[in-house]
Amino acid sequence: MMQTQEDMNDKKQVEVIGDRCRLSRDDADLLYLELIPTQGEALFIIDETGLTALEEAVVWLGKQEAKGLVVHGNDRGFIAGADVGLIYSIQDPKEALAFSRRGQSCFQAFQDLPFPTMAAIHGPCLGGGLELALALDHRIASRHPSTKLGLPEVRLGILPGFGGTQRLPLLVGLPGALDLMLKGSTLDGKRALRKGLVEGYVPEHRLVQRAAEILTHPARRKTKLCWRDHMLTFTRLGRRIVRKKVEKSLTSGPARFLPAPGKLLEVTLAGLVDVGRGAYDAEAQALADLATGPECKNLVRLFFGTEQARKLDRKLLSGLEDKHYEKVRSALVIGGGVMGAGIAGLMAEKGLSTRLVDLSEDQLGQAMARHVGNVNRKQRRRRLQPHEAQAAKDRLTASTKVCGYAQADVFLEAVAENLDLKKRLFREAAAKGREDLLLATNTSSLSLGDMAADLPHPEQLVGLHFFNPPEKMPLIEIIAQKQSSPKALARACELATRLGKYPVLVQDGPGFLVNRCLAPYLGQAVQLCEEGVAPALIDRVAEEQGMPMGPLRLLDEIGWDVAAKVCDVLAEAWPARMSASPLFAHMVEAGLLGRKSGKGVYVYGTKSKDRPGHASALQHLIQDKGLARASAHAPSKLEIRERLFLPILTEAVRCLEEGVVSSEDELDFAMVMGIGYPPHLGGPIRAARSDGVETIVARLSELVEAHGPLFEAPRMLIEMSQEQTSARPQKKEESHVQDPR
Amino acid sequence: MSRSFIPEKGKRPVLVAGIRTAFQKSGTGFQGLSAADLGVAVMQEVLARAEIRASEVDEVILGCCGQSSKEANVARVLSLRAGIPSETPAYTVHRNCASGLQSIEDAARRILTGEGEIYLVGGTESMSDYPLIFNDGFKSFLGALARSKTLTARLRQLLRFRLGYLKPRIALLEGLTDPTCGLVMGLTAEKLAGEFAISRKQQDLFALASHQKAIDAWSAGLMDDEILTLWPGNAKKAVNRDNGPRDGQNLDALSKLRPFFDRREGSVTVGNACPVTDGSAALLLMSEEAAEARGLKPMGRMLCSTTVGLEPSRMGLGPAIAAPKAIQDAGLDAKDMEVWEINEAFSAQVLACMEAMDSAEFGRKRLGLSGAFGAPDMDRVNPRGGAVALGHPVGATGSRLVLSLLRQLQAKGGGMGIATLCVGGGQGAAQIWEAA
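Here the structure is a predicted model, which means the values were calculated and not measured.

**Digging into the overall build of chain A**
In terms of regular secondary structure, chain A is built from 33 helices and 22 strands. Here the C-alpha radius of gyration of chain A, 28 Å, is about what a compact globule of 741 residues would show, namely 27 Å. Overall, chain A is about 85 × 60 × 50 Å in size when its C-alpha atoms are taken along their principal axes. Looking at chain A as a whole, 52% of its 741 residues are labelled buried. Summarising the internal contacts of chain A: among those between residues at least 6 apart in sequence, 72% fall at separations of at least 24.

Here you go:
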């Protein structure tokens, strides 16, 4: 769009700095700085060479006389941010401090240029990129949907360290700046204009031209903060109000486990008090501390996990000669229960023309109501334009007739867990559908190998294991049975990504990965109840560790009947360590299914927002059925924590040992995305490594005597402890993924 | 008068699948849905039932009479919304009440010339969605207001406002009024009732029979597979049953109704005329070879399609001219027609058609015969009820008649039948089909 060399032929190239910056001057005496992407990347990334190039460019610019400067990227984007791989690898706080200082003084030099300057932003302008734009005098953004501005550093456990915390509040006011930085969200051009972050919102093909026009004909109007934002930013009282409010919000949610949000608030406020360089130093120091801390490393590793998940389809195909496959565009979903309905609605919303089949018209009606409700809510919240919302609704059709194979690219069954029924459905689909029809099952307890047994094309069968509710849960387990072809798996992964989910590749086996690791955790929670520990205490311990909700609340959400089924499957596979407490059956029998029946461990109001109340039904049941276990002493909080979380670790390591999942990284990623394992801890194995595997193995040997084989240290864990390679992270090869600093 | 469209044997287009929404009286089950909203699901369903991919469709042709200004060329809007690729063209046909029939004929012609093999046809109509329109006075008032530049000019223009401007034009009423003879459709029926001496009681009895036949067909479970369940609006309620037919309808209630169109001397009431209705139907028409290649078993073959013209004020007699012409042109015998689906715009109008076909004078004058053509037995006419009970969503009815006709013939195990309608503006249309 704005390859200025071509479309503005009166511009002569005058200087190239490294291979990253191209400087030119036009007849009107305006200078242009074009940012050139890092080799092999789509976007400019602020890495070592990138920063050096910017430093050299600004030195050169300082010697020029000109009417103004326009900084712009290419047609893919402006600046993606700092090199995340670099952040991951920095171990020495001094090194981090030096990098931040360099960035700060480079951007300060841009700010100090004697002529007016302008950032013409198209495509991503994130992290360090936006900080550069903030250091310039003016900014305009393109109207393209790929244009997004933001300072998402906090999502990686750090803060903007190139002066962003200092400059942003001056431009958009303190409340707006903190909101943007603490959420780490991004704004499109239109929203950026409304926030005052940019001055223009321009069609992308006119972007650079318009930037030049504004520079040569200085702004007619100056954007000013509104009265309210002015008071909240520039008066002591205003800042105190903001601080109180933000501090309160940081005491709940995942933010309370992370140091970055608090530091960010502190540094930002400091900048408004201390107008000198002191606050910039504080910013750099905070960045250095955060970037070398464990939380940052864990979050960055998860970020790499998301990048890997997005590339999973390509990885699966890497060994193949013919990498081509048809993307899934339309779906036939059989079974309109809670899962089927949710999946079908999600697919329709994300662009697949979807046919949902169920024999019960009532079920279909509920499915339609749920879909229409979801879409309408998104339209009300402006997440969908009216025509997009209508299309999302049009794409879902419901019928009681099992047909429509010809149109389908994927056939997904979400019917009752009945092997014969599923086999029949797949046989019919294979017979009536096209040859490359992807066959997918959402089973959570049956073996895929059995299902594939007598299909004409068993290589087409994969598992697409969604979690409930499918609209919200970010992970999909892509289950491979022995015969699944890489292409079928790749298609499934690509579909999962398009549905806005992270795929993780898991081998077929009881409970797959996530449920298998979750069940012992839930099982231990129930056992602790039986030993007389109060349910609320168990949940509190888990929540204090950083879980989004405690295990007993989670059981209520999942439904005790569903959990009981999963536990049965696991108990059958590993009776010694996975045998489920009879309490599950009793809860189901007593109708205490959890939220869906209004009562489980807790009692629930009629609205989903109602907070759960206390109920003693569980304890009564334990007494009545004689399930109470003697326990030597009331377990301490620490013991409760160990009892809950160590089984996740041991089971996860067993999965790794058996090859259910292929790497530690994927495993930890799946645990965080699938069961809500606290992200700042980085996943069970990462947490174990940083706590010291040796001590854990020792502790396990104590627990195994009292609480059985679930606490037996798996072979691989013992090996890990023997390796005793330090838990320190090592930079991964593919870590050239970039984004916010 | 043009000749009938008669595809030769072996080249007869076949209908492989068809489905419709339940028909809902305006302002009831489908209130708030546009013509396009009504059609999206049935179009996708008919493709699924026939196992045809959306990209295989050569063209989409739909009938619709009251196209909304927000859905110009509603067939195209619907085609895109139903997921048919943007490369597939689509157009809307409008032959008033015969639009749904015309869409089939258009597709049949194209199949015959080899332009395409697979056509998605049908009709859709949301009579609930017909608008109220600003009257001309208000329109010019607003125009002048927009042209006034200064504040004083604007104020001066505002002062010209008259209360009469608030009286809207009713699109539904205008659409049902013939602009050349000035008669609203109901009055053309009154005219026929007078000319053929159809009494009020005859009309009411006919209407009652229509309701009873429709209710019987529903309770015998004959209709279920014809209908696709929709969940309109917020999807709280399923719509899967025609709501026109009244179970408890009786002669007493019908005879108490006041004439609607001619309040003093008339005999046509809302009870013995068809109600204003919303609904949509989708059919899949293919060449015989294409159906065979895909292993599809056709529902029926088209033998003949014809359209005739007559004076607009007697438009109700359309079937009495079109049906005999179609049967004669196709070289068939009226007795071969096992089922007659005659659209019931008005009870008086259908009864007048029966009288006309039995009249020697009508036969001589209008059909060029030596005597009467001969009306069908009443038990062959609309055996599952007609529009008086089911309703008449103008653009969709023609498609419903063919769908119902073929389903009835299939249930009988074969045979031929005819679907025919009177058409506002003075036309008649008829199609002869043979069950496959």
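**Remarks on the overall build of chain B**
Scanning chain B for helices and strands turns up 15 helices and 13 strands. Against the globule reference of 22 Å for 436 residues, chain B gives a C-alpha radius of gyration of 22 Å, in line with a compact fold. Over its C-alpha atoms, taken along the principal directions, chain B stretches across nearly 75 × 55 × 45 Å. Sequence-distant contacts in chain B: of pairs separated by 6 or more residues, those separated by 24 or more amount to 82%.

**So, the sheet that holds strand 16 (residues 410-413) of chain A**
Residue and element names in this part refer to chain A. In space, the eight strands of this open sheet follow the order 15-14-13-16-17-18-19-20, with mixed pairing throughout. The open sheet terminates on both sides in strands that have one partner only, identified here as strand 15 (396-399) and strand 20 (502-507). Averaged over all adjacent pairs, the angle separating strand axes in this sheet is 25°, with direction ignored. Across four bridges, the pairing between strand 14 (residues 353-357) and strand 15 is parallel. Opposite Thr 354, over in strand 15, you have Leu 396 as the bridge partner. Along the sheet face, helix 30 (residues 664-675) touches strand 19 (475-480) and strand 20 and points at about 120° away from the line of strand 20.

**Some points on unusual backbone geometry**
Look at the link from Asn 468 of chain A to Pro 469 of chain A: it is a cis peptide, with omega at -5°. Note that Pro 469 of chain A resides in the loop between strand 18 (461-466) and strand 19. Not every positive phi belongs to a glycine, and Asp 29 of chain A is a case in point at roughly 70°. For Asp 29 of chain A, the position within the fold is in the loop between strand 2 (21-25) and strand 3 (30-35). Owing to 13 C-beta atoms within 10 Å, Asp 29 of chain A belongs among the partly exposed residues under this scheme. Phi at Asn 382 of chain B takes a positive value of approximately 45°, unusual for a residue other than glycine. On the basis of neighbour count, Asn 382 of chain B is assigned to the buried category, with 28 C-beta atoms found within 10 Å.

**Considerations on the interface of chain B and chain A**
With 20 residues of chain B in contact, the opposing surface of chain A contributes 18 residues. Top element by residues in the side of chain B that touches chain A is helix 1 (residues 35-50) of chain B. It accounts for seven residues. Residue composition of the side of chain B that touches chain A, by class: ten nonpolar, four polar and six charged.

**Let's talk about the nonpolar core**
Ranked by internal contacts, the top residues of the largest apolar core, which has 373 residues, are Val 70, Ile 478 and Ala 492 of chain A together with Leu 283, Leu 284 and Leu 285 of chain B. In terms of residue count, the dominant contributor to this core is helix 1 of chain B (eleven residues). Residues within four places of Ala 492 of chain A in sequence aside, it is in contact with Leu 438, Ala 440, Val 462, Leu 464 and Ile 478 of chain A.

**Observations concerning the pairing of strand 3 (residues 59-63) of chain B**
Residue and element names in this part refer to chain B. Among the five residues of strand 3, five are classified as buried, and the element is accordingly described as predominantly covered. Neither face of strand 3 is exposed, since Glu 59, Ile 61 and Gly 63 on one face and Val 60 and Leu 62 on the opposite face are all buried. Sheet topology places strand 3 next to strand 5 (residues 118-126); five bridges connect them, and they run parallel. Paired with Leu 62 across the bridge in strand 5 is Gly 122. Note: strand 3 against strand 4 (residues 90-93), four bridges, orientation parallel. Of the residues in strand 4, the one forming a bridge with Gly 63 is Val 93. Between the parallel pair strand 3 and strand 4, the chain is carried across by helix 2 (residues 74-81), and the sense of this crossover is right-handed.

**Some thoughts on helix 7 (residues 185-195) of chain B**
Residues and elements named next belong to chain B. Burial within helix 7 is extensive, with eight of its eleven residues counted as buried. All of the buried residues along helix 7 are Met 185, Gly 186, Thr 188, Ala 189, Glu 190, Lys 191, Leu 192 and Ala 193. Each element contacted by the buried residues of helix 7 is listed here: helix 12 (347-358). Just downstream of helix 7, Ala 197 is the residue with a positive phi angle, here 50°.

**Looking at the domain arrangement of chain A**
Residue and element names in this part refer to chain A. By domain assignment, chain A separates into domain 1 (4-292), domain 2 (325-507) and domain 3 (514-723). Computed over C-alpha atoms only, the centres of domain 2 and domain 3 are separated by 29 Å. Counting residues at the interface gives eleven residues for domain 2, matched by 14 residues for domain 3. Mapped by element, the contributors of at least two residues to the side of domain 2 that touches domain 3 are strand 19 and strand 20. Looking at the side of domain 2 that touches domain 3 element by element, the count peaks at five residues for strand 20. For the side of domain 2 that touches domain 3, the class distribution of residues is seven nonpolar, three polar and one charged.

**Here we look at the environment of Gly 123 of chain A**
Residue and element names in this part refer to chain A. Residue position: Gly 123 is located in the loop between strand 7 (117-121) and strand 8 (124-126). Given 25 C-beta atoms within a 10 Å radius, Gly 123 is considered buried. As a C-alpha pair, Gly 123 and Asp 188 span 65 residues in sequence and 9.2 Å in three-dimensional space. Residue contacts for Gly 123: discarding those within four places in its chain leaves Gly 73, Arg 76, Gly 77, Phe 78, His 144, Ser 146 and Thr 147.

**Looking at the confidence of the model for chain A**
Residue and element names in this part refer to chain A. For chain A, the mean per-residue pLDDT works out to 90, and 94% of the residues sit at or above 70. Overall, residues 1-9 carries pLDDT values under 50, and its contacts beyond four positions in sequence, including any with other chains, amount to 16 contacts. Here residues 726-741 is a poorly scored stretch, pLDDT under 50, and it has 43 contacts once near neighbours within four places are set aside; other chains count.

**Let's talk about the pairing of strand 5 (residues 68-72) of chain A**
All names here are of chain A. Extensive coverage of strand 5 is indicated by the burial of five of its five residues. Both faces of strand 5 are covered, namely the face carrying Gly 68, Val 70 and His 72 and the face carrying Leu 69 and Val 71. As judged from the five bridges shared by strand 3 and strand 5, these two strands associate in the parallel manner. Pairing of Leu 31 across the sheet is with Leu 69, part of strand 5. Two elements, strand 5 and strand 7, share four bridges in a ladder whose sense is parallel. For Val 70, the partnering residue across the bridge sits in strand 7 and is Met 118.

**Digging into the packing of helix 7 of chain B against helix 12 of chain B**
Residues and elements named next belong to chain B. Here helix 7 crosses helix 12 at 40°, and the two axes come no closer than 8 Å. As far as their axial angle goes, helix 12 and helix 7 are oblique. When the axes of helix 7 and helix 12 are compared, the crossing they make is left-handed. Here Ala 189, Leu 192 and Ala 193 of helix 7 lie close against helix 12, whose contacting residues are Ala 348, Gln 349 and Ala 352.

**With respect to the environment of Arg 240 of chain A**
All names here are of chain A. Positionally, Arg 240 belongs in helix 11 (residues 236-249). Here Arg 240 falls in the exposed class, since 12 other C-beta atoms lie within 10 Å of it. Each C-alpha atom of the pair Arg 240 and Leu 269 lies 9.5 Å from the other, and the pair is 29 residues apart in sequence.

**Looking at helix 13 (residues 278-291) of chain A**
All names here are of chain A. Compared with the 20 Å implied by 1.5 Å per residue over 14 residues, the 20 Å span of helix 13 between its first and last C-alpha is a close match. Among all positions of helix 13, only Ala 279, Tyr 280, Glu 283, Ala 284, Ala 286, Leu 287, Ala 288, Leu 290 and Ala 291 are buried. Close packing links the buried residues of helix 13 with helix 3 (84-89), helix 4 (93-111), helix 6 (164-172), helix 12 (260-273) and helix 14 (294-310).

**Structural notes on the environment of Val 526 of chain A**
Residues and elements named next belong to chain A. Note that Val 526 resides in helix 22 (residues 514-530). Counting along the chain gives 57 residues from Val 526 to Leu 583, while the straight-line C-alpha distance between them is 7.9 Å. Those residues in contact with Val 526 that sit more than four places away from it in its chain are Ser 581 and Leu 583.

**Examining the packing of helix 3 (residues 99-113) of chain B against helix 15 (residues 394-412) of chain B**
Packing of helix 3 of chain B against helix 15 of chain B brings their axes to within 5 Å, and their N-to-C directions diverge by 60°. Across the interface between the two elements, Ser 99, Gly 100, Leu 101, Gln 102, Ser 103 and Ile 104 of chain B from helix 3 of chain B touch Val 394, Gly 395, Ala 396, Thr 397, Gly 398, Ser 399, Arg 400 and Val 402 of chain B from helix 15 of chain B.

**Thoughts on the confidence of the model for chain B**
Per-residue confidence for chain B gives a mean pLDDT of 95; residues scoring 70 or more make up 100%. ipTM for the predicted complex: 0.93, alongside a pTM of 0.90.

The rules we used
- Residues numbered from 1 in each chain as written.
- Chains lettered and ligands numbered in written order.
- Predicted model: local features only at pLDDT ≥ 70, side-chain atom pairs only at ≥ 80, totals over all residues.
- Helix = DSSP H or I, 4+ residues; strand = E, 2+ residues; numbered from the N terminus.
- Rg over C-alpha atoms; globule rule 2.2 N^0.38 Å.
- Buried ≥ 20, exposed ≤ 12 C-beta atoms within 10 Å, placed from the backbone.
- Contact = placed C-beta atoms within 7 Å.
- Pairing = 2+ DSSP bridges.
- Axes fitted to C-alpha atoms, helices over the stretch in contact; angles between N-to-C directions.
- Nonpolar A, V, L, I, M, F, W, Y, C, P; charged D, E, K, R; others polar.
- Core = buried A, V, L, I, M, F, W, Y, C linked by C-beta atoms within 7 Å.
- Right-handed = clockwise from strand over helix to strand, strands pointing away.
- Domains from an automatic or database assignment.
- pLDDT = per-residue confidence, 0-100.
- Parallel < 35°, antiparallel > 145°, perpendicular 65-115°, else oblique.
- Left-handed = near helix turned anticlockwise from the far one by under 90°.
- Expected span 1.5 Å × (residues − 1).

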